Amino acid sequence: MKGIYSLIFDCKGKIEVGSLGEKRFEGTYCYIGSARGSGGIKSRLGRHIDLYKKKRDVRHWHIDYVLPNSQLIGYCFGQTEKDKECCLRRSISYDMTIKGFGSSDCNCSSHLLKINYFKKEKIIKGFRKCEINPKFERIKDDE
Ligand SMILES: [Zn+2]
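Quick caveat, the model's predicted, so the values are computed rather than measured.

Undergrad: What am I meant to see in the overall build of the protein chain here?
TA: The helix and strand tally for the protein chain stands at four helices and six strands. The order of α-helices and β-strands along the protein chain, N terminus first, is β-β-α-α-β-α-β-β-α-β. Against the compact-globule benchmark of 15 Å for 143 residues, the protein chain has a radius of gyration of 14 Å, which places it among compact chains. In the protein chain, which comprises 143 residues, the proportion classed as buried is 38%.

Structure below.
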């Protein structure tokens, strides 16, 4: 199952984000990604969560540097064969932050969004705007 996903997490402090260098984090963030490879979305999310739980430490994407130092709130994902990652980035109308984060392959300034006030419904609405029916999994209970 190919698709797109978003990871919602809290993060605070300075982190060395691979090629982007050291960045300062403070607050709640939403990362937008897509899984179009053979393993699909379940394997990609599993990979992210293993990194978060420090069960693996092979870092490939920018988000991989941030997750082990974050508190994951939840993630949302939906199936699509189409390239809708940037549509989702636009539809979830939070501000982009950290130029170049997760957006090396597209024209977006960033695929990392800064959330002022987290509402699950806002994320779900963003997926629906891109004609995807998502599933939201909560990790941390703090709404
Ligand atoms: Zn993009």
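On we go from here.
Undergrad: Is there a simple way to think about the nonpolar core in this case?
TA: Core analysis: the biggest nonpolar cluster contains 36 residues, and Tyr-5, Leu-7, Ile-8, Tyr-29, Cys-30, Tyr-31 and Leu-113 have the highest contact counts within it. Secondary structure elements with two or more residues in this core: β1 (3-16), β2 (22-35), α1 (40-52), α2 (62-66), β3 (70-79), β5 (112-115) and α4 (120-129). Residue contacts for Leu-113: discarding those within four places in its chain leaves Tyr-29, Cys-30, Ile-92, Tyr-94, Asp-95, Met-96 and Thr-97.

Undergrad: Explain the pairing of β3 to me, please; I cannot follow it from the model alone.
TA: The two faces of the sheet receive side chains in turn, since in a regular strand these alternate between them. Bridge count for β1 against β3 is nine bridges, and the pairing is antiparallel. Paired with Phe-9 across the two strands is Leu-72, which belongs to β3. Taken together, the four bridges between β3 and strand β6 (residues 135-138) define a ladder with antiparallel strand orientation. If you follow Cys-76 over to β6, its bridge partner there is Phe-136.

Undergrad: When you look at the pairing of β5 in this model, what are you seeing that I'm missing?
TA: As judged from the four bridges shared by β2 and β5, these two strands associate in the antiparallel manner. Directly across from Thr-28, in β5, lies its bridge partner Ile-115. Here strand β4 (residues 95-96) pairs with β5 via two bridges, running antiparallel. Paired with Met-96 across the two strands is Leu-113, which belongs to β5.

Undergrad: Can you walk me through the sheet that holds β5 in this structure?
TA: In sheet architecture, strand pairing relies on hydrogen bonds along the backbone and comes in two forms, parallel and antiparallel. Spatial strand order, β4-β5-β2-β1-β3-β6: six strands in an open sheet with antiparallel pairing. Two strands close off the open sheet at either side, each with one partner strand: β4 and β6. Where α4 meets the sheet, its contacts fall on β1, β2, β3 and β6, and the angle it forms with β3 comes to roughly 30 degrees.

Undergrad: I tried to follow unusual backbone geometry on my own but got confused; where do I start?
TA: Peptide bonds are mostly trans, and most non-glycine residues show a negative phi. A positive phi angle is found at Lys-54, which is not glycine, with a value near 60 degrees. For Lys-54, the position within the fold is in the loop between α1 and α2. Taking the C-beta count within 10 Å as the criterion, Lys-54 has 9 such neighbours and is therefore assigned exposed. Positive phi, close to 55 degrees, is recorded for Ile-98, a residue that is not glycine. Summarising the element assignment, Ile-98 is placed in the loop between β4 and β5.

Undergrad: I would appreciate a short explanation of α4 in the present structure.
TA: For an α-helix the count is 3.6 residues per turn, leaving residues at separations of three or four pointing the same way. For α4, the full list of buried residues reads Ile-123, Gly-126 and Phe-127. Down the axis of α4, the buried set is contained in an arc of 95 degrees. They therefore lie on one face. Along α4, the residues that are exposed and aim more than 90 degrees away from the buried face are Glu-121 and Arg-128. Those residues of α4 that are buried lie in contact with β1, β2, β3, α3 (85-91) and β6. Just downstream of α4 lies Glu-131, where phi reads positive at about 60 degrees.

Criteria and thresholds
- Residues numbered from 1 in each chain as written.
- Predicted model: local features only at pLDDT ≥ 70, side-chain atom pairs only at ≥ 80, totals over all residues.
- Helix = DSSP H or I, 4+ residues; strand = E, 2+ residues; numbered from the N terminus.
- Rg over C-alpha atoms; globule rule 2.2 N^0.38 Å.
- Buried ≥ 20, exposed ≤ 12 C-beta atoms within 10 Å, placed from the backbone.
- Core = buried A, V, L, I, M, F, W, Y, C linked by C-beta atoms within 7 Å.
- Contact = placed C-beta atoms within 7 Å.
- Pairing = 2+ DSSP bridges.
- Axes fitted to C-alpha atoms, helices over the stretch in contact; angles between N-to-C directions.
- Arc of directions from axis to C-beta.

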